[in-house]
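Report on the structure
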Amino acid sequence: MKISQQRFDRSDIRQFNTLSVLNQICRKGALSRAQIASELGLTRATVSKITLDLLDASFLAETRLTEGGAGRPGMLLNLNAAYGCMVAVEIDLDRVSIAVADFSRTIFWREEKRLKPDASAGASLRSIAGLIDAALAAGAARQLRCLGIGVAWAGLVAHDEGLLVYGPSSGWKDIRLKTLWEDRFDVPVYVENEANAAAIACQHLDNHPQEADLIYLSLGSGLAAGLISEGRLLRGRMGFAGQVGHVPFSNNGITCSCGRKGCWVTEIGSAAVLRKLAGQGMPPLDDASCGKDPLQQVLEKALSREAAVWQVLIEVGQQLALGAAQLVHALNPATLVIGGRLGQLFKLVEAEMRESLDALALPGMLADFKFQVSASGEDPLFGCLAIVHDAVLNDPSNFTVETSKPSQ
Ligand SMILES: [Zn+2]
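Cut-offs used in this document
- Residues numbered from 1 in each chain as written.
- Predicted model: local features only at pLDDT ≥ 70, side-chain atom pairs only at ≥ 80, totals over all residues.
- Helix = DSSP H or I, 4+ residues; strand = E, 2+ residues; numbered from the N terminus.
- Contact = placed C-beta atoms within 7 Å.
- Pairing = 2+ DSSP bridges.
- Buried ≥ 20, exposed ≤ 12 C-beta atoms within 10 Å, placed from the backbone.
- Axes fitted to C-alpha atoms, helices over the stretch in contact; angles between N-to-C directions.
- Parallel < 35°, antiparallel > 145°, perpendicular 65-115°, else oblique.
- Nonpolar A, V, L, I, M, F, W, Y, C, P; charged D, E, K, R; others polar.
- Core = buried A, V, L, I, M, F, W, Y, C linked by C-beta atoms within 7 Å.
- Domains from an automatic or database assignment.
- Expected span 1.5 Å × (residues − 1).
- Arc of directions from axis to C-beta.
- pLDDT = per-residue confidence, 0-100.

Right, let's get into the overall build of the chain. When helices and strands are counted, the chain shows 15 helices and 16 strands. Look at the contacts in the chain between residues 6 or more apart in sequence, and 61% of them connect residues 24 or more apart.

Okay, here's the thing in structure tokens:
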């Protein structure tokens, strides 16, 4: 069945109400028509008409009967998982993570692959494209067409153009990834800075506070911030806002991957953690020592209560809090989330970091302030899924499909 653009353009109010119904179901999950009407302040008749259109368009599916209910009024409406699949790709300096989710945002396939940090951009992107082929095949095996590919990348991203302008860690420059992969895969491609993607995930995930004013500090080999102010992502003039890892921070004399000395990331990034551990006399932790991710080795040592590791984590946590306090004073967020690949490590010293922040902030600055360390390391991936999902839901007229109504 074709989704008719005319159907969604019948009036602005109708379109607004349609998006409101979709967004409500996205945020809350399965709802009855009566619940939707009550929560949005719409009439039952309006909700019935809108949901009928959305069921016809296969965006929604009726799932199960409510307790004690019978017949159509008791049916719950939810996103139709079979509407299509979405691919999320997180590209880091030395690895790529890929996940495929159905339209209800349930991940059913994922893969991770190590990348050679010194490989050329072309070689790395060819390797990643091969993995995306496998992801698309996993969707096709479930008869799910791909609705889009969301990509999170650490560096300066010209979001509208899908252009990777510069990666301070990788050194990649001027790569038109959106054009390259839309030609290659023939589906829409959305490219976002990975900290921005993680911040977007916070607006969509149940286990994160859905705050209108939020800072997400993404920490791994690099460091960047996703900044949400008054409910909107702060991008700045060229879209590069949030590159806080490369602000001058220390007189440590250490050369950053960007070529400058003393950037904030040289005190708190993964290389800094490993360097400081070596300074405590710990043998170098690298792949060659046991074939395991060095950060995983640090985590295992921390969990086995090695004192030197805890000393380093607390020291690095203080440096993290010092920079974070500057961001908090500049932007006055309701919530600060620290995540990324180092999230698991810093979860161990969450209380100490909060104490440091409290000591550094002006009186009143942290009233009702929430501080959270996200240990999942998957926020950018979920952000990518949210970006594709929003693109579909916010502009359904872009998607003409031949599909039958979902089975009841
Ligand atoms: Zn730098």
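Back to the text.
It is worth spelling out the sheet that holds strand E16 (residues 370-373) at this point. Taken together, the five strands give an open sheet; going across it, the order is E14-E13-E12-E15-E16, and neighbouring strands pair in mixed fashion. Two strands in the sheet have a free side with no partner beyond their single neighbour: strand E14 (232-233) and E16. Strand direction decides the pairing type here: strand E12 (residues 214-219) and strand E15 (residues 335-339), joined by five bridges, are parallel. Counted as the bridge partner of Leu 217 is Ile 338 from E15.

It is worth spelling out helix H7 (residues 194-202) at this point. Residues lying three or four places apart along an α-helix face the same way, a consequence of the helix completing one turn every 3.6 residues. Of all nine residues making up H7, nine are buried, and the element is well covered by its neighbours. All buried positions along H7 are accounted for by Glu 194, Ala 195, Asn 196, Ala 197, Ala 198, Ala 199, Ile 200, Ala 201 and Cys 202.

Looking now at the pairing of strand E5 (residues 95-102). Judged by how many residues are buried, E5 sits mostly within the fold: seven of eight residues are covered. Looking at chain direction, strand E4 (residues 85-91) and E5 are connected through seven bridges and run antiparallel. For Val 89, the partnering residue across the bridge sits in E5 and is Ile 98. Strand direction decides the pairing type here: E5 and strand E6 (residues 107-114), joined by seven bridges, are antiparallel. Counterpart to Val 100 in the pairing with E6 is Trp 109.

So, on to unusual backbone geometry. For residues besides glycine, phi is generally negative; the peptide bonds are generally trans as well. Located in the positive-phi region is Asp 174, a residue other than glycine, with phi close to 50°. Counting through the fold element by element, Asp 174 comes out in strand E10 (residues 173-176). The class for Asp 174 is exposed, based on 10 C-beta atoms found within 10 Å. Phi at Asp 368 takes a positive value of approximately 55°, unusual for a residue other than glycine.

Their axes nearest at 10 Å, the elements helix H2 (residues 12-28) and helix H4 (residues 44-56) cross at an angle of 75°. Taken together, H2 and H4 sit at an angle that is classed as roughly perpendicular. Here H2 contributes Asn 17, Thr 18, Val 21 and Leu 22 to the contact with H4, which in turn contributes Thr 46, Val 47, Ile 50, Thr 51 and Leu 54. Residues that form the contact of H2 with H4 fall into these classes: five nonpolar, four polar and no charged.

Pairing in this open sheet of three strands is antiparallel, and the strands run E8-E9-E10 from one edge to the other. A single partner strand is all that each edge strand has here, and the edge strands are strand E8 (156-158) and E10. Sheet twist, expressed as the mean angle between neighbouring strand axes with direction ignored, is 20°. Relative to E10, strand E9 (residues 163-166) runs antiparallel, the two being bridged by three bridges. Bridge pairing in E10 places Leu 164 opposite Ile 175. Sheet contacts for helix H6 (residues 177-185): E9 and E10; angle to E10, the most-contacted strand, approximately 30°.

Let us look at the nonpolar core. With 86 residues, the main nonpolar core has Val 87, Val 89, Val 151, Tyr 216 and Cys 384 as its most contacted residues. When residues of this core are assigned to their parent elements, the largest contribution, nine residues, is made by helix H12 (residues 307-331). Structurally, this core is a two-domain feature, drawing no fewer than three residues from each of domain 2 (83-199 + 381-398) and domain 3 (209-373). Excluding residues that lie within four positions of it along the chain, Val 89 makes contacts with Val 96, Ile 98, Ile 128, Ile 132, Ile 149, Gly 150, Val 151 and Cys 384. Within the second largest apolar cluster, 17 residues are counted, among which are Ile 25, Ile 36, Val 47 and Leu 60.

On to H4. Over its 13 residues, H4 extends 18 Å from the first C-alpha to the last, a length consistent with the 18 Å expected when each residue adds 1.5 Å. Those residues of H4 lying buried are Val 47, Ile 50, Thr 51 and Leu 54. All buried residues of H4 fall inside an arc of 95° around its axis, so they share one side. In H4, the exposed positions that point more than 90 degrees away from the buried face belong to Ala 45 and Leu 52. Just beyond H4, the residue with positive phi is Ser 58, at close to 70°.

Per-chain confidence: the chain averages 88 in pLDDT, with 88% of residues scoring 70 or above. Strand E11 (residues 189-193) holds the highest mean pLDDT among the elements of the chain, 98, whereas helix H1 (residues 5-8) holds the lowest, 46. Low pLDDT, under 50, characterises residues 1-9; the stretch is placed with 16 contacts to residues that sit more than four places away or in other chains.

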